[in-house]
Amino acid sequence: MQKKTLVPLLCAAFAGLADAAVVTKPIAYEIDGEAFEGVLVYDDSVSTPRPGLLAVPNWMGVNEDTVAKAARAAGNKYVVFVADMYGKSIRPSNAEEAGAAAGAVRADRPLMRKRAQAAVEVLKAQSGEVALDLSKLGAIGFCFGGGTVLELARSGEPLKGFVSFHGNLDTPNPADAKNIKAPVLVLHGADDPAVPQEQVDGFVAEMKAAKVDWQLVSYGGAVHSFTNPKANVPGRNQYHPVVAARAFKAMNDLFDEVFAEQ
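In this report, the structure presented in the accompanying data block is examined. Computed from a prediction, not measured in an experiment: that's the story for all the values here. (Residues numbered from 1 in each chain as written. Predicted model: local features only at pLDDT ≥ 70, side-chain atom pairs only at ≥ 80, totals over all residues. Heavy atoms only, no water.)

**Side note on the sheet that holds strand 6 (residues 162-165)**
In any sheet, the strands associate via hydrogen bonds between backbone groups, in a parallel or an antiparallel arrangement. Across the sheet, which stays open at both edges, the eight strands sit in the order 1-2-4-3-5-6-7-8 with mixed pairing between neighbours. Both edges of this open sheet fall to strand 1 (22-31) and strand 8 (214-219), since each of them pairs with a single strand only. Neighbour-to-neighbour, the strand axes of the sheet open up by a mean angle of 20°, direction not taken into account. Here strand 3 (residues 50-56) pairs with strand 4 (residues 79-82) via four bridges, running parallel. Each bridged residue has a counterpart across the sheet, and for A55 the counterpart in strand 4 is V82. Against the sheet, helix 2 (residues 64-74) makes contact with strand 1, strand 2 (34-43), strand 4 and strand 5 (132-142), and its axis sits at roughly 40° relative to strand 2, the strand it touches most. The sheet strands contacting helix 6 (residues 197-210) are strand 7 (184-189) and strand 8, and the helix crosses strand 8 at an angle near 160°. (Pairing = 2+ DSSP bridges. Helix = DSSP H or I, 4+ residues; strand = E, 2+ residues; numbered from the N terminus. Axes fitted to C-alpha atoms, helices over the stretch in contact; angles between N-to-C directions. Contact = heavy atoms within 4.5 Å.)

**Digging into the pattern of salt bridges**
Applying the stated criterion to the full structure yields 16 salt bridges. In this structure, K114 and D32 form a salt bridge, with 2.5 Å as the shortest nitrogen-oxygen distance. Here K114, found in helix 4 (residues 109-125), pairs with D32, found in the loop between strand 1 and strand 2; they are 82 residues apart in sequence, far enough to count as distant. Among the residues examined, K114 registers a relative accessible area of 38% and is labelled partly exposed. Judged by its relative accessible area of 65%, D32 falls in the exposed class. As a salt-bridge pair, D170 and R109 come within 3.8 Å of each other at their nearest N and O atoms. Of the two residues, D170 sits in the loop between strand 6 and strand 7 while R109 sits in helix 4, which places them 61 residues apart along the sequence. What makes D170 partly exposed here is its relative accessible area of 28%. (Salt bridge = Lys/Arg side-chain N within 4 Å of Asp/Glu carboxyl O. Buried < 20%, exposed > 50% of the residue type's maximum accessible area, 1.4 Å probe, protein only.)

**A few points about the pairing of strand 7**
With six of six residues buried, strand 7 is to be regarded as a mostly interior element. On strand 7, burial covers both faces: V184, V186 and H188 on one face and L185, L187 and G189 on the other are all buried. By the bridge criterion, four bridges tie strand 6 to strand 7 in an arrangement that is parallel. Opposite V163, over in strand 7, you have L185 as the bridge partner. In this structure, strand 7 lies alongside strand 8, joined through six bridges in parallel fashion. Among the inter-strand pairings, H188 is bridged to a residue of strand 8, identified as S218. For the handedness criterion, the β-α-β arrangement of strand 7, helix 6 and strand 8 is classed as right-handed. (Right-handed = clockwise from strand over helix to strand, strands pointing away.)

**Some details on the nonpolar core**
General note: in soluble globular proteins, nonpolar side chains tend to be found buried as a group. In terms of nonpolar packing, the biggest core is built from 47 residues, with L54, F81, L152, F162 and V184 touching the most fellow members. In this structure, F162 is in contact with A139, V149, L152, A153, E157, A182, P183, V184, L185 and L254, ignoring residues within four places of it in sequence. In terms of nonpolar packing, the next biggest core, distinct from the first, is built from 31 residues, V39, A55, A222 and F226 among them. (Core = buried A, V, L, I, M, F, W, Y, C linked by side-chain atoms within 4.5 Å.)

**A few points about the packing of aromatic side chains**
All told, the structure shown has eleven aromatic pairs when counted by the stated rule. When the ring of Y86 is compared with that of F144, the centres are 5.8 Å apart and the planes differ by 35°; the resulting orientation is tilted. One end of the pair, Y86, is in the loop between strand 4 and helix 3 (95-106); the other, F144, is in helix 5 (residues 144-154), with 58 residues separating them in the sequence. Per residue, the accessibility class of Y86 equals that of F144, and both read buried. Through a chain of ring-to-ring contacts, the aromatic side chains of Y29, F36 and F81 assemble into a single cluster. Positioned above the aromatic ring of F142, the side-chain terminus of K69 is 4.5 Å from the ring centre. (Phe/Tyr/Trp six-rings, centres within 6.5 Å; stacked < 30°, edge-to-face > 60°. Lys NZ or Arg CZ within 6 Å of the ring centre and 35° of its normal.)

**What about the packing of helix 2 against helix 7 (residues 241-260)?**
In the contact formed by helix 2 and helix 7, the axes pass within 10 Å of each other and the chain directions differ by 55°. Here helix 2 lies oblique to helix 7, going by the angle between them. For the pair helix 2 and helix 7, contact is made by K69, R72 and A73 and by A244, A245, F248 and M251, respectively. The residue makeup of the contact of helix 2 with helix 7, split by class, is five nonpolar, no polar and two charged. (Parallel < 35°, antiparallel > 145°, perpendicular 65-115°, else oblique. Nonpolar A, V, L, I, M, F, W, Y, C, P; charged D, E, K, R; others polar.)

Right, here's the structure in full:
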């Protein structure tokens, strides 16, 4: 898989955002001796401690689009850490490479959970670098990342909330939903062919059986990748700006609620 240098990508992604005080900082870390590199994203015009969000990207992994989406999620409300789920040496450049990388992680749910949990610890460690309220942490994810965030919730990770944007809902371990410690919000395209109704029904049954505090918002007319401005395959993967705006508002509403319950 093609490896890309991250710094130029970040510069390109944020060439027009200098006035927004957006900071994007690559963060190197290790898991079992393997090198990973995520990105810390925040507005440095805010000096008071803010909640932190782990953001797990779609199957393309850490790239300029991922960082731009993290900046949209962060605004001036959150400090966001974009997780590297593949390792620093793996930066997919096309759908075939992304499918192979994501498929390998999806096939090993303990590995998926371990890497997501490690990224949470990296986020926490940034409290010495940026004003971060460690009592207010959540996780969000997109597509492959949405499924990852749900697995993180099923692992029992003690965050305040979990949000999946057009993510996979299936799991080989539905009984693990009993470990979920915080509200779960799924933002789903009602016409998403990548997440068929059987998968939705299975997720609903899983959440009900475990008595989880959960919500599933099904957006009419939306398919997969509805928050991705570059998605342009009608009927399969397509950006929907209206639904994207509604979904980010729903995310903010959930975190406003759970972070206020301190």
